[in-house]
There are 2 protein chains.
Amino acid sequence: MPHMTKHPDILVVGAGYVGLATAVFLADKGYPTTVVEKNCEIVEALRRKRLHFHEPTLARTLKKVVGNGFLTIIQPEPEPYQKADLIFIAIDSANRRTWQMRLEPFEQMAGWIGGVKRRVPPTVVLKSTNVLGFTQHVRDLLDNTPHGKEAKLLVSPEFLREGLALEDTVHPSRVVIGALEKGDAAPLVKIYRSAYPETVPIVQTDWKSAELIKLAANTYLAYRLAFIHEIAEFARLEGLELAPIRQGIGLDPRIGLGYFTPGLGFGGSCLPKDCMLINSNEFKGSFEFESAHTATAVNNRLLKNLIELLDSKLGGLKGKRVAILGAAFKPDVDDTRDSRAVRLAELLLKEKVQVSVFDPHLHGRDIIPETELPLAPTIETALKGAHAVIIGAAHKKFLSLKPQQIGGLVVHRLVFDYFGLLDPKKWRAAGFEIVR
Amino acid sequence: MPHMTKHPDILVVGAGYVGLATAVFLADKGYPTTVVEKNCEIVEALRRKRLHFHEPTLARTLKKVVGNGFLTIIQPEPEPYQKADLIFIAIDSANRRTWQMRLEPFEQMAGWIGGVKRRVPPTVVLKSTNVLGFTQHVRDLLDNTPHGKEAKLLVSPEFLREGLALEDTVHPSRVVIGALEKGDAAPLVKIYRSAYPETVPIVQTDWKSAELIKLAANTYLAYRLAFIHEIAEFARLEGLELAPIRQGIGLDPRIGLGYFTPGLGFGGSCLPKDCMLINSNEFKGSFEFESAHTATAVNNRLLKNLIELLDSKLGGLKGKRVAILGAAFKPDVDDTRDSRAVRLAELLLKEKVQVSVFDPHLHGRDIIPETELPLAPTIETALKGAHAVIIGAAHKKFLSLKPQQIGGLVVHRLVFDYFGLLDPKKWRAAGFEIVR
């Protein structure tokens, strides 16, 4: 008979992409896991095995692990924190308006975790977004509680891509663990080693290096995307065709063609945020990562130049109607967080443009979440009377757009297609001006 | 009997890395080729089958093709230009002080090429460094000669790495050809298709796109290197170990670990130059590539910060002795063009530091080529009485440096090893401070 070891009592705080992917993964590996979520509607939905965002694989596995009892969803209360052996913190930790860390939830959790004397002290694992030096701050919070000093603290940043949250949790390119002392990481290493094949590298380092790895990886990806957007801008200005330029550059194996496709800039919940957070001086010194500043600056310049170009093509912007097709931050998802199309819509509204936005993946909603921008109920409503059409996201559904269909609705045949989604020959033949 | 076609008469202008690699490659493929070189000492050396720089494979193949008569080396004169079918221009085309193009040699060549009426007009292929819009300028030069209008003009930039000039010419990741009209490229495509396997992609595009591809590829590589140097700077400032940080970032397959190793910044004859030239407004509009500015700025900041750190560690710089080990721009070569170690030496001299430089690959020379910096004849001379030692290039030979050997010569045990070449444990055990 095999030797039986008791599974650790696992708590995952936060039922967003990161928290749920972590929890569902561990539950599916046979670790009984509890998820804490403060939003009671989300708690109810998850208990009914319904995922509150679009992640097909995660949704399927969620059904299974809620069904077989390995995953439990609860609302916040102190007791589970005081029983858990491993506590993964995956809350939405940074304020997206001020780029400052939300300190109160960490203070509350530290108080709960450190409030009771434990025979075996727990291990706390930060998976949320961090700024450089924040883990030390959480350590200080724990140290200021009656029994928090004994808790171990680790940082293990996530590297998952939206739409592939569970896939990337199951098949990571690497796992990073930051610890004050290497031995502190043992409980987490044990779980990772049981859950992952030997080929998955585990990079063990200190807290700040682990914080940096996460922020720097996203900054690099943003920096890379800023580069190809800059090249695309020059090509647009000079009337050059981008495709052979992109090939000529990216065929160098040291450069590569992957993650090297331009559009309206980089958006989403990770890259713009981490380019800001890597330069946060909230808990670190004054070192400035120029790479992050440049990525952000090139990203902002792109929309500014687009608006100037639109202005010159329409002979003024005030009162003109512009239809934006696609509001999500990447193709074929329904997430508009830090979407470039939304940012563009907001900038156009400031110029007194009448903006109408349509996104097939946000069907049935009235406004774009987290903004007050209205959504057109149909593509026809969005296009009717438009002086210009701007592709806002490279949704596959837009590949079937037809010049005839759009030509009958707009008052001026002008399309900005920075994603290169439409066949310019076909559209130009139908009298459209296509800006790529 | 097979059908015999006459080989084109090929002229390659310039016997530097690019010109010779091109010429030797074509000669070795069976195309009788003539190289034009204005420096008569180089002409004499090449005729005696001696290469004037360090490229082992190229040197070997040069012997063969000079020996079998497929490669001829001549000094400039009009006639060969007026007989050649294909003229590759690979001269040193940009001034490294002013970052301006050297226009006179192009004017002279255009005059020679366009000076006579030809039955079959020649094809001119620019392989040299270009700035954006320069090919159009060469076209204008040709058009202003009696018969230059008929000559075809192509741009086919090289992507070879120093030390591997022939290898990279024989096995390119891609071949780029810029032409005014696609048909113009036919003679060159024919040669490339006969010389390369089908798997080598040929990217055909316009002049300016081809110019951009070259400059942008090098700018991207510099931009990538600037990023890892920036990360290394932060790690140094915070006392973090770089190796796990680099792993944690580079293990993302979209980022990668290749071409991602820090040192004293990026140097050499290509990357710093192309970061300047991509923003040259000599023949283009005012668009600014922020990526190039950032790469250059981060590269410059690194040496500035190094000098500040050295200043604080030595309690002042004036009159101190600093030994720089390695002056080449990359490991195990003898080329010091745009070497970071040389730049550092120049900056230290301005601070009244007594700098001594040693490089095993420049043995027997008195000064560093293209500068007036003296070279120490032996490593002992360089180290004697030094207050600090700075590794200037990651030459393999330095791996065998011993703390005992250096400890007996220096007056202060401080080594800056930004390349991570030395084993810090061993050196620290011998009382050295190692800054990585």
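From a predicted model like this one, the values you see are computed outputs, not experimental measurements. Residue numbers restart at each chain and count upward from 1, following the sequence in its written direction. As they are written, the chains are lettered A onward and the ligands numbered 1 onward, keeping that order. Restriction of local features to residues with pLDDT of at least 70 applies here, the model being predicted, together with a cutoff of 80 or more for giving and counting side-chain atom pairs; totals for whole chains, interfaces and linings are based on all residues. Processing note: side-chain calculations cover all non-hydrogen atoms of the structure and skip hydrogens and water entirely.

## Some points on the relation of the copies chain A and chain B
Argument step 1. Each copy is superposed on the other by least squares, with the fit set by C-alpha atoms of residues at a pLDDT of at least 70 in both. With an RMSD of 0.0 Å, chain A superimposes on chain B once it is rotated by 180 degrees and translated 0.0 Å along the axis. What the superposition gives is, in effect, a two-fold axis relating one chain to the other. Minimal C-alpha separation from the rotation axis in chain A is found for T294 of chain A, amounting to 3.5 Å.

## Things to note about empty space enclosed by the protein
Residues and elements named next belong to chain A.
Argument step 1. Grid spacing is 1 Å over the protein atoms alone, the probe is 1.4 Å, and a cavity is where that probe fits but cannot get out, while a pocket is an open set with protein on both sides within 12 Å along at least five of seven lines and lining residues have an atom within 4 Å of a point. Grid points are joined across faces, edges and corners, and a volume is the space filled by probe spheres set on the points. Counted according to the given criterion, the structure contains six cavities of 30 Å³ or more.
Argument step 2. If you go around the largest cavity, you meet 18 residues; those closest to its centre are K127, E158, T169, Y192 and Y196.
Argument step 3. Of all the elements in the fold, those that place two or more residues in the lining of the largest cavity are helix 1 (17-28), helix 7 (165-170) and strand 7 (175-179).
Argument step 4. Strands here are runs of E lasting at least two residues and helices are runs of H or I lasting at least four, both read from the DSSP assignment and numbered beginning at the N terminus. The element best represented in the lining of the largest cavity is helix 1, accounting for three residues.

## Remarks on the pairing of strand 1 (residues 10-13) of chain B
Residue and element names in this part refer to chain B.
Argument step 1. Type-normalised accessible area, obtained with a 1.4 Å probe on protein chains alone, sets the label of each residue: buried when under 20%, exposed when over 50%, and partly exposed for intermediate values. Burial along strand 1 is two-sided: the residues I10 and V12 and L11 and V13 are all buried.
Argument step 2. Strands are treated as partners if at least two bridges between them are detected by DSSP. Both strand 1 and strand 2 (residues 33-36) contribute to a ladder of four bridges, which runs parallel. Bridging across to strand 2, V13 finds its partner in V36.
Argument step 3. Once the chain exits strand 1 it traverses helix 1 (residues 17-28) before rejoining the sheet at strand 2, and the crossover so formed is right-handed. Handedness rule for crossovers: strands pointing away from the viewer, path from the first strand over the helix to the second running clockwise, crossover right-handed.

## Some words on the sheet that holds strand 6 (residues 152-155) of chain A
Residue and element names in this part refer to chain A.
Argument step 1. Within the open sheet, the eight strands sit side by side as 3-2-1-4-5-6-7-8. Their pairing is mixed. Two strands close off the open sheet at either side, each with one partner strand: strand 3 (71-74) and strand 8 (202-205). Here the strands of the sheet are splayed against their neighbours by 25 degrees on average, with no regard to which way each runs.
Argument step 2. Two strands pair when backbone bridges link them, and strand 7 and strand 8 are joined in this way by four bridges, in the parallel orientation. For V176, the partnering residue across the bridge sits in strand 8 and is V203. Note on method: axes are straight lines fitted to C-alpha atoms, helices fitted across the in-contact stretch only, with angles between N-to-C directions ranging 0 to 180 degrees.

## Observations regarding the side chain of T33 of chain B
Residues and elements named next belong to chain B.
Argument step 1. With respect to the helices and strands, the residue T33 is situated in strand 2.
Argument step 2. Overall, the relative accessible area of 2% leaves T33 in the buried class.
Argument step 3. Beyond its immediate sequence surroundings of up to four residues, T33 is in contact with I10, V12, A23, L26, A27, F70, L71 and T72. Contact between two residues is taken to exist if any of their heavy atoms lie within 4.5 Å; hydrogens are not considered.

## Description of the packing of aromatic side chains
Argument step 1. For Phe, Tyr and Trp, rings pair up if their centres lie within 6.5 Å, where Trp contributes its six-membered ring, and each pair is then called stacked (planes under 30 degrees apart), edge-to-face (over 60) or tilted (otherwise). The tally for this structure, following the rule as stated, stands at 33 aromatic pairs over all chains.
Argument step 2. Pairing Y220 of chain A with F260 of chain B gives two aromatic rings, centres 5.9 Å apart and planes at 80 degrees, and the pair type is edge-to-face. One end of the pair, Y220 of chain A, is in helix 9 (residues 207-238); the other, F260 of chain B, is in the loop between helix 10 (242-250) and helix 11 (271-277), on a second chain.
Argument step 3. On the accessibility criterion, Y220 of chain A (1% relative accessible area) is buried.

## Describing the interface of chain A and chain B
Argument step 1. In this assembly, 53 residues from chain A lie in contact with 53 residues from chain B.
Argument step 2. Put simply, buried area is the surface a 1.4 Å probe can reach on two separate parts but cannot reach once they are joined, added for both. Approximately 4600 Å² of surface area, both sides summed, lies buried where chain A meets chain B, with 70% of it carried by carbon and sulfur atoms.
Argument step 3. Only one rule defines a salt bridge in this text: a Lys or Arg side-chain nitrogen within 4 Å of an Asp or Glu carboxyl oxygen. Taken together, the connections running from chain A to chain B amount to four salt bridges.
Argument step 4. Any N or O atom pair separated by 3.5 Å or less is treated as a polar contact, with the protein-specific requirement of one donor-capable and one acceptor-capable atom, and with residues adjacent in sequence counted only for side-chain atom pairs. The tally of links between chain A and chain B comes to 15 residue pairs in polar contact (both at pLDDT 80 or more).
Argument step 5. Of all the elements in the fold, those that place two or more residues in the side of chain A that touches chain B are strand 8, helix 9, helix 10 (242-250) and helix 12 (290-314) of chain A.
Argument step 6. If one sorts the elements of the side of chain A that touches chain B by residue count, helix 9 of chain A sits on top with 19 residues.
Argument step 7. Following the grouping adopted for this structure description, the nonpolar residues are Ala, Val, Leu, Ile, Met, Phe, Trp, Tyr, Cys and Pro, the charged ones are Asp, Glu, Lys and Arg, and the polar ones are all others, Gly among them. In terms of residue class, the side of chain A that touches chain B is made up of 28 nonpolar, 10 polar and 15 charged.

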